[in-house]
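# Structure at a glance
Chain residues, written in single-letter form:
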Amino acid sequence: MKFLLIFIYCASNYFGNTLGLVKDKEVKLISDLQEHTNRSSLIFITCWSEDAKVKVYKNFGKEKNKPITIQFANYGDVIGINDEKENILLIADLHCENISTSLKMYEERKLFRSPLQWILITNEEKNNSGSIFDFYNNIDILLDVEVMVVQKLQEKYVIEYVYKISNQSRWRSEFFGEWSTSHSLQKRKDWIEVAAIRRRMLDGHVISVCYVLTDADSINHLTDGVNDHIDTITKVNFPTTNHLLDFLNASRKYVFTDTWGYRINNTWNGMTGYLNRAEVEIGGSPMFFTSQRISVVEYISSPTPTRSKFVFRQPKLSYENNLFVLSFQKYLWYGSGALIVLLFLFLFIATIWEWKMFGKHASRAGNSSVLQPNVFDVTFLVFAATCQQGTHVELKGSLGRIVLLQLFVAVTFLYTSYSANIVALLQSSSSQIRTLDDLLHSRLAFGVHDTVFNRYYFSVETEPVRKAIYQTKIAPVGIKPRFMNMEEGIKKMRNGLFAFHMETGVGYKFVGKYFQEGEKCGLKEIQYLQVIDPWLAVRKDTQFMEILKIGTKRLQEHGLQQRENRMLYEKRPKCLGRQENFVSVSMVDCYPAILILSYGCLLSGILLTLEILNNSKNMLKNSCANNINLFRYPTRWLIVGKTEELKNYNINIDSEIIVAEEERFGFNLYMPYKISKSRNIIVNEHFGSWSTENGLNKAQTMIFSTSMRRKNLMGIPITISSVISEENTKNEIMSLRNIFVDTVAKTSYRQIIPLFDFMNATMVIIYTDTWGYIINGSYNGMVGDMVRGNADLAGTIIFITKSRLDVLEYLVYPSPPTTKFVFRQPSLSYQNNLFILPFKPVVWMCIFGLILLLTIILFINAYWERMKLDNFFIFQRDQTVLRPSLSDIVIMVISAISQQGSSNELKGTLGRVVMFILFFAFVFLYTSYSANIVALLQSNSNQIRTLSDLLNSRLELGAEDTQYNRYHFSTATEPIKKSIYQTKIAPQGSKANFMSLEEGVKNIQTKPFAFNMNLGTGYKIVERYFHEHEKCGLQEIQYIQESKAWQTCRKNSPYKEIYKIGLMRNQEHGLNDRENRLVYAKKPMCAFRGSSFDSVNMIDFYPALLLLAYGTILSVLSLFFEVVYWLRARRNHLGS
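A few points on the structure.

Rules of the game
What you see as residue numbers is a count from 1 along each chain, following the sequence as written. Thresholds applied to this predicted model are a pLDDT of at least 70 for local features of residues and 80 or more for the giving and counting of side-chain atom pairs; totals over whole chains, interfaces and linings are not thresholded and use all residues. Hydrogens and water are ignored here; the side-chain numbers use all heavy atoms of the structure. Residue exposure (1.4 Å probe, protein chains only): buried if accessible area is under 20% of the type maximum, exposed if over 50%, otherwise partly exposed. Secondary structure elements follow DSSP: runs of H or I of four or more residues count as helices, runs of E of two or more count as strands, with numbering from the N terminus. When DSSP locates at least two bridges between a pair of strands, those strands are taken to pair. A residue counts as positive if it is Lys or Arg and as negative if it is Asp or Glu; His and the chain ends are not included. For this analysis, a salt bridge means a side-chain nitrogen from Lys or Arg found within 4 Å of a carboxyl oxygen belonging to Asp or Glu. What qualifies as a polar contact is a pair of N or O atoms within 3.5 Å, subject to a donor-acceptor requirement within protein and to the restriction that residues adjacent in sequence count only when both atoms come from side chains. Here, two residues are considered to be in contact whenever any of their heavy atoms come within 4.5 Å of each other. Fitted lines through C-alpha atoms serve as axes, helices being fitted only where they are in contact, and the angles separating the N-to-C directions of these axes extend from 0 to 180 degrees. Here the nonpolar core consists of buried residues drawn from Ala, Val, Leu, Ile, Met, Phe, Trp, Tyr and Cys, with membership extended through side-chain atoms lying within 4.5 Å. Within this analysis, the arc is defined by the directions that extend from the helix axis to the C-beta atoms. Every patch collects residues that have over 30% relative accessible area and no salt bridge, joining them within 9 Å if they carry like charges and within 5 Å if they are nonpolar side chains (Val, Leu, Ile, Met, Phe, Trp, Tyr). Only the protein chains shown count as cover for residues, and all accessible areas are computed by the Shrake-Rupley method using a 1.4 Å probe. Note on angle classes: values under 35 degrees are labelled roughly parallel, values over 145 roughly antiparallel, values of 65 to 115 roughly perpendicular, and the remainder oblique. By convention, the crossing between two helices is left-handed when the near helix turns anticlockwise from the far helix through less than a right angle, and right-handed when the turn is clockwise. For this classification, the nonpolar set comprises Ala, Val, Leu, Ile, Met, Phe, Trp, Tyr, Cys and Pro, the charged set comprises Asp, Glu, Lys and Arg, and every other residue, Gly included, is treated as polar. Paired rings are identified among Phe, Tyr and Trp, the last through its six-membered ring, by centres lying within 6.5 Å, and are further divided according to the angle between planes into stacked (under 30 degrees), edge-to-face (over 60) and tilted (the rest). Only Lys NZ and Arg CZ are tested; either one counts as a charge over a ring when it is within 6 Å of the ring centre and within 35 degrees of the ring normal. Crossover handedness is defined by viewing with both strands directed away from the observer: a clockwise path from the first strand over the helix to the second marks the crossover as right-handed.

### Examining the pairing of strand β20 (residues 535–539)
For β20, the tally of buried residues reaches four of five residues, placing the bulk of the element in the interior. As defined by bridge partners, strand β13 (residues 282–287) adjoins β20 across three bridges and the pair is classed as antiparallel. Across the sheet, Met287 pairs through a bridge with Trp535, a residue of β20.

Here's what the structure looks like:
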């Protein structure tokens, strides 16, 4: 933005000997300064005489080649300024009376503001005692204004610029140059024309900056990168604003607010309000460019190119089209239909012909496999062939069979092409959602990132489509607005069929975190907010505007702003793995087929409904309904009569019966129920009333669900059954002292207590020693208590099994721990031979090739040396010479490989070079091999990943000694699980490996051992006994198929829905989580993996020992045969 310049010209002496006279040199001075300013409209504010004014007119008229407008005004006059302020130069004489008052008036009228320029003339001689403007401290000429002071110094004039940084600061001056009659205007050589650059050093002046923080914790993480997805726009610009203030050499004062600022009741709040009230100079958090804000703030730059848009994964093609008609084009459908009709006609004619020719045969009359000559049978055959279903009827003649062959072959090719196209279309995405209107009418769900500006702009939109999106998709009436945090929105977007409005730069960071590569393909963006990129704003009419503009441009030119943007903002991810994304078929894909099936079933459904209604007439008697429990949920009743008549019937707390009691002008409606069978008292809920005039008027309480209205059970006793293993638990059921004894029972009990408070019921507890399994056709334990009606609610959570689904109602899943095999990953030597792992097979092959090559070269060199030295005595006597024997050379190569050296050598130069290469090569091979062996000795195996791997591993297995473990292990039928139990847990003839939790965890710590345990309590003991490095490499494998335990009640309990609501509230309010955190522990984190060092075990070098053993056996056998051979040879020698 262009800086406003005000030129103040001060004359240093009185122009003329008498008041109002102007000398020619002063006019020349003003003329030269006017040329410097290049202003064409001059306004003289003086107390000069008319003669002096005429002299000015004459002098300017002679010397100027271009037209100049000159106007004179007296001090105190109101000066009219036209719109072309860039051409106006004001010249004032400071020796006139009331000058201070007049200048103050001009300042208040904002005439001392850019782009106006001023010249002020004084008659005082310049001296070094101080500035002439020390007498005008009440006048504010700020740094965006160029004020030129001209003072006489002997025979020349000194020209300076003066300004203040702020209203309270001192005057500052800039030496511009000198003027004299002989040399005219002489500017300073290093003079910079742009005032904003000259005056950018503010010498520590305090500038207030306002930032927007929507999260209070963000003030602690403005620069450390923590939670960089919260208040990102502020965190990006906080360091760059500091760079800007450093560029100005300014001090800073921070002000924080929670919103950018919007106009409410004709006042501005937030950051815009601070700028409007001039409490801060800079809005440090960029904000959107709106027409309302233009009048109160100034926008200087757009530092962060980020937009907020709706982003969604393009839905499957089936969400916008019927896939079953897209496979073929329109004319191909016509052709296929014509072909089928033509084949139908041929087949029908062939059928009639066969029956006409052979119909009288007795074999055809009773044969149901022969196609009958009627339209319906032929139509069904063609339809079956088209659907590739075949048929049990056929034509027996040659002509008929040829037609059938043509029919089946033709429709086979059609069906194959059709199916192939369907498969391709099922994996295709729709590109039809391109505009906001398409988005509004799509099936996508919507969500918006919960920010201040999103809530404001969505709520004030007036454009019809955008307003409809907000009112129908974002904040429908009666539903909580769909504003959510960034992480939740991105996860929903990943699941598909969800459009999330977010700041794309921040949102794509989460997309990179959660999306698979194939899922990044097909992301679509649609702009909603009608705003451009956010801009940095400053106070209106601030004197620092041009300086700040220059500073922000430099930050962008030097890349500082781009650096911060790249650190916190992500670009749209590229699609790199589209082929990896395979989408399973969903219900919407086959919706048209289901719709056709539904239409086909509609008639039968209507007939079935009519039949049920007819049969229901016979069941309307109360006695019949009472006997077969038709007063129970979900059956609903409307009975006209009195509620007292229902006293002897089973109307439970979950019954939904409306009794209409007739009154004079209509009916009073009641909903009777009994809290329990033991209390034969009917409680009447007032449902409302009905009359012919007013219709149905429901009571206000009916807005709540039945379970919430009837949750007050008035202290009735409800029995729970709890599973314990020790008698002391009865007295310590609420204590956490012995937490590893009956942990599940104690946790479940503590989680159920808030449920009874919620229901206002009295707890009665009975104890049993097992969860309950079918023995001799009936359940024992806790399940048996509920089946027999001794208990209504389970006091201990229980696994889901198929048989229990028939007798129990599963309510909620309150505790996260599951039951799994846990073991420390064994060392690599438990699964592999370490001595062949250092090198890959290709490397081993290359090494063997090198050994063979070096052996051949050594043999050739040894043979060559023997030929050279065969006539010399040294070859015959020196035992250190390597002889050309294959065994000697092989021994030498093996010695080199094993780094053992050799007593033999080659004496020639060529031979020694070869030996040097041999030993040098194997030094590096040996070093690499040994280093890899050391690394592999400290490595763990990750090859045990499934139950099959666990079964075939060398690990010892054990299980926590609990009733459910003993039952599930002993009754396993799946082959691998059964083998684990029979061979690892309870081998025949050995004691079963069921042990206490503490013993099992210690076994995991001390030896290769896999222990099936409750993870929550087991990891608590792991934290107690394991060192930090021992917590690394813990592996889990699930044995029990459904190892999540649920809270249950007996089947058809009338309190089921109340239990479920109460237990869900426990979870929502964090009560279950609190108990779980007190009792259970999560899998420990691996913090010090590098601190673990394991000593070498026997199993690590077992292959080496095995090789040594085989070598020893072979050596002994060789020695034995050699001794036998020697004895026989000696005997033969002595005999001869």
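Next comes the rest of the account.
### Quick look at the side chain of Lys235
Within the secondary structure layout, Lys235 lies in helix α5 (residues 232–247). No salt bridge forms around the buried Lys235; measuring N to O, its nearest opposite-charge neighbour Asp231 is 5.9 Å away. A polar contact is formed between the side chain of Lys235 and the backbone oxygen of Val226, at a distance of 3.1 Å. Those residues in contact with Lys235, other than ones at most four positions away along the chain, are Ser218, His221, Leu222, Val226, Asn227, Asp228, Ile230 and Leu568.

### Description of the pattern of salt bridges
Evaluated as defined, the whole model comprises 38 salt bridges. Measuring nitrogen to oxygen at the nearest pair gives 3.2 Å for the salt bridge that ties Glu174 to Arg198. Of the two residues, Glu174 sits in strand β7 (residues 172–180) while Arg198 sits in helix α4 (residues 195–198), which places them 24 residues apart along the sequence. When its relative accessible area of 16% is taken as the criterion, Arg198 is described as buried. Arg1074 is paired through a salt bridge with Glu1075; the nearest N and O atoms lie 2.8 Å apart. Taking the relative accessible area as the measure of exposure, Glu1075 reaches 9% and is therefore buried.

### Let's talk about the sheet that holds strand β17 (residues 483–484)
Across a sheet, paired strands are connected by hydrogen bonds in the backbone, their directions being either parallel or antiparallel. The strand order across the open sheet formed by five strands is β17-β16-β18-β15-β19, and the pairing between neighbours is mixed. Looking at which strands have only one partner, the edges of the open sheet turn out to be β17 and β19 (523–527). When strand β15 (residues 308–313) meets β19, the two strands line up antiparallel, connected through five bridges. Bridge assignment links Phe312 to a residue of β19, and that residue is Lys524.

### Topic: the sheet that holds strand β33 (residues 819–824)
The mixed open sheet is built from five strands, whose spatial order is β35-β34-β36-β33-β37. Pairing within the sheet leaves two strands with one partner each, and these edge strands are β35 (994–995) and β37 (1034–1037). Here two bridges tie strand β34 (residues 956–960) to β35, and the two strands are oriented parallel to one another. Residue pairing in the sheet places Ala959 in a bridge with Phe994 of β35. The strands touched by helix α30 (residues 963–970) within the sheet are β33, β34, β35 and β36 (1009–1014), with β34 carrying the most contacts at an inclination of about 130°.

### Re the nonpolar core
Judged by nonpolar contacts, the single largest core of 56 residues is most densely connected at Phe310, Leu439, Ile474, Ile490 and Met493. Looking at this core, the element that brings in the most residues is helix α17 (residues 504–514), giving five residues. Sequence-distant contacts of Met493, defined by excluding residues within four places in its chain, comprise Val311, Phe312, Arg313, Phe498, Phe500, Met502, Val511 and Phe515.

### Notes on helix α19 (residues 560–568)
Among the residues making up α19, those that are buried are Gln561, Glu564, Asn565 and Leu568. The arc that holds every buried residue of α19, seen down its axis, measures 100°, which confines them to one face.

### Concerning a nonpolar patch on the surface
A cluster of nonpolar side chains, contributed by Tyr599, Leu602, Leu603, Ile606, Leu607, Leu610 and Leu613, occupies part of the molecular surface with about 760 Å² of accessible area. By the element assignment, Leu602 lies in helix α20 (residues 591–616).

### Here's the deal with the packing of helix α23 (residues 743–759) against helix α35 (residues 1071–1079)
At their nearest, the axes of α23 and α35 sit 9 Å apart, and the two run at 155° to each other. As summarised for this structure, α23 and α35 are arranged roughly antiparallel, according to the angle between their axes. The two elements α23 and α35 meet at a crossing, and its hand is right-handed. Packed against α23, whose contacting residues are Thr743, Thr747, Arg750, Gln751 and Pro754, the element α35 presents Leu1071, Asn1072, Arg1074, Glu1075, Asn1076, Leu1078 and Val1079 at the interface. Looking at the contact of α23 with α35 residue by residue, the class counts come to four nonpolar, five polar and three charged.

### Let's talk about the packing of helix α11 (residues 375–386) against helix α12 (residues 398–426)
Their axes nearest at 8 Å, the elements α11 and α12 cross at an angle of 40°. Here α12 runs oblique to α11, going by the angle between their axes. Here Leu381, Val382, Ala385 and Thr386 of α11 lie close against α12, whose contacting residues are Leu404, Leu407, Phe408, Val411 and Tyr415. Class assignment for the residues of the contact of α11 with α12 results in eight nonpolar, one polar and no charged.

### Brief notes about α30
In an α-helix, one turn spans 3.6 residues, which is why side chains three or four residues apart end up on the same side. Those residues of α30 that sit buried are Tyr964, Asn965, His968 and Phe969. Here the buried residues of α30 occupy an arc of 120° about the axis, which is enough to place them on one side. Those residues of α30 hidden inside the fold are in contact with β31 (798–799), β33, β34, α31 (975–985), β35 and β36.

### Some remarks on unusual backbone geometry
The backbone of Ala278 sits at a positive phi, close to 60°, despite the residue not being glycine. Following the sequence through the fold, Ala278 ends up in the loop between α6 (270–276) and β13. On the basis of relative accessible area, Ala278 is assigned to the partly exposed category, the value being 45%. Even without being glycine, Asp742 reaches a positive phi, approximately 50°. Looking at the element boundaries, Asp742 is found in the loop between β26 (717–723) and α23.

### So, the packing of aromatic side chains
Counted by the stated rule, this structure contains 43 aromatic pairs. Ring centres of Phe310 and Phe446 lie 5.3 Å apart, and the angle between their planes is 75°; on these two criteria the pair is classed as edge-to-face. Of this pair, Phe310 sits in strand β15 while Phe446 sits in strand β16 (residues 445–449), and the two are 136 residues apart along the sequence. For Phe446, a relative accessible area of 1% gives the class buried. Taken together, the ring pairs in this structure connect Trp260, Tyr262, Phe288, Phe453, Tyr456 and Tyr457 into an aromatic cluster. One residue, Arg200, lies across the ring of Phe247, its end atom 4.4 Å from the ring centre. When the ring centre of Tyr274 is taken as reference, the NZ or CZ atom of Arg277 above it lies at 5.2 Å.

### Here we look at the pairing of strand β9 (residues 206–212)
With six of seven residues buried, β9 lies mostly within the body of the structure. Here seven bridges tie β9 to strand β10 (residues 251–257), and the two strands are oriented parallel to one another. Note on β10: the bridge partner recorded for Val212 is Thr257. Between the parallel pair β9 and β10, the chain is carried across by α5, and the sense of this crossover is right-handed. Bridging between β9 and β13 involves two bridges; their strand directions are parallel. In the sheet register, Cys210 faces β13, and the bridge partner there is Gly283.

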